[in-house]
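An overview of the molecular structure
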Amino acid sequence: MTGIWGILNITPDSFSDGGRYVELDIALARARTMRAQGASIVDVGGESTRPGAERIGSIEEQRRVLPVIEALTADGIPTSIDTLNADTAAAAVRAGARIVNDVSGGLADERMLATVADLDADIAIGHWRGPSSDMYAHAQYVRIAREVASELRERVTAAAAAGIAPSRVILDPGIGFAKSGEQNWEVLRGLDEIIGLGHRVLVGTSRKRFLVDTLDGDPGQARRDLATSVTSALAARAGAWAVRVHDVDATRDALAVASAWDGV
């Protein structure tokens, strides 16, 4: 069955839940709840990558995330580190993280791939065309699913050149990054282009703007989470290895219903 990554943002400015989990005890309680609900991985991030977000330093990022990763590791809860910084990736893996989740695919920090090559961790390589501050300036495509797959293939080649075995690579089509609303849908419709590269595929649609634009009116969080669970179930049906979400409970139920429908 498709795995579920639970999102845990230790940030004051993430687009959906910024500021909610900056206190250690609250963050740990949230992570434990997501694990109990069925999250296979808790994805811990200390820097927002929402559109327009400004970068922070790795020292502040590590101050936010390392105590959380250390405590969850002590609890036996698997974690990943959502970071663009090689130094933070290394520190987080030393603290117990099993996967480095880099939405830039190693492009934001030229040391990332070489650093991960030396770590006992897998890497999720995201499709990326520039920093959050101006990502939409790069949203120019002709056949987007094919172009995203091609650019991800280039990052896999770069990872291999740095010493990362293909078995350690997870691919993320980068929904919401340098893509307009309709372009996100086109990538999801063409997900087989990315899955066809032969690596595990992680899909993250959770609460993103393109879902809001699809719904009538001004949907609140509950409707965003319902839309997320539907897209997550469809991604699973298309062959996604895992989905990354805020609401683990709703996604677990959606995946279970889809599996029952398919007789799995």
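See above for the structure.
A brief look at the structure comes next.

Conventions used here
- Residues numbered from 1 in each chain as written.
- Predicted model: local features only at pLDDT ≥ 70, side-chain atom pairs only at ≥ 80, totals over all residues.
- Heavy atoms only, no water.
- 1 Å grid on protein atoms, 1.4 Å probe; cavity = no way out; pocket = protein on both sides within 12 Å on 5 of 7 lines; lining within 4 Å.
- Points joined across faces, edges and corners; volume = space filled by probe spheres on them.
- Helix = DSSP H or I, 4+ residues; strand = E, 2+ residues; numbered from the N terminus.
- Nonpolar A, V, L, I, M, F, W, Y, C, P; charged D, E, K, R; others polar.
- Expected span 1.5 Å × (residues − 1).
- Buried < 20%, exposed > 50% of the residue type's maximum accessible area, 1.4 Å probe, protein only.
- Arc of directions from axis to C-beta.
- Contact = heavy atoms within 4.5 Å.
- Polar contact = N/O pair within 3.5 Å; in protein donor to acceptor, adjacent residues only side chain to side chain.
- Phe/Tyr/Trp six-rings, centres within 6.5 Å; stacked < 30°, edge-to-face > 60°.

What follows covers the layout of surface pockets. Size it by volume and the second largest pocket reaches roughly 170 Å³. Surrounding the second largest pocket, S229, V230, A233, L234, R237, A254, V257, A258 and W261 form its lining. Secondary structure elements with two or more residues in the lining of the second largest pocket: α9 (221-238) and α10 (248-262). By residue number, the principal contributor to the lining of the second largest pocket is α9, which donates five residues. A per-class count over the lining of the second largest pocket returns seven nonpolar, one polar and one charged.

As a further point, take α10. Its 15 residues place the ends of α10 21 Å apart at the C-alpha level, agreeing with the 21 Å of an ideal helix rising 1.5 Å per residue. All buried positions along α10 are accounted for by V248, T251, A254, L255, A258 and S259. Seen from one end, α10 has its buried residues packed into an arc of 135°, which puts them on one side. Projecting away from the buried face of α10 at angles above 90 degrees are the exposed residues V257, A260 and W261. For α10, the secondary structure elements touched by its buried residues are β1 (3-9), α1 (24-37), α9 and β8 (242-245). If you check the start of α10, you find a side-chain oxygen 3.2 Å away from the backbone N of D249, and it comes from D247. A positive phi of about 75° marks G263, the residue just after α10.

The subject of this paragraph is the packing of aromatic side chains. Under the definition given, this model contains two aromatic pairs. Plain terms: the ring middles of W185 and F210 are 4.9 Å apart, the flat faces sit at 70° to each other, and that makes the pair edge-to-face. One end of the pair, W185, is in helix α6 (residues 181-189); the other, F210, is in helix α8 (residues 209-214), with 25 residues separating them in the sequence. Its relative accessible area of 23% is what places W185 among the partly exposed residues.

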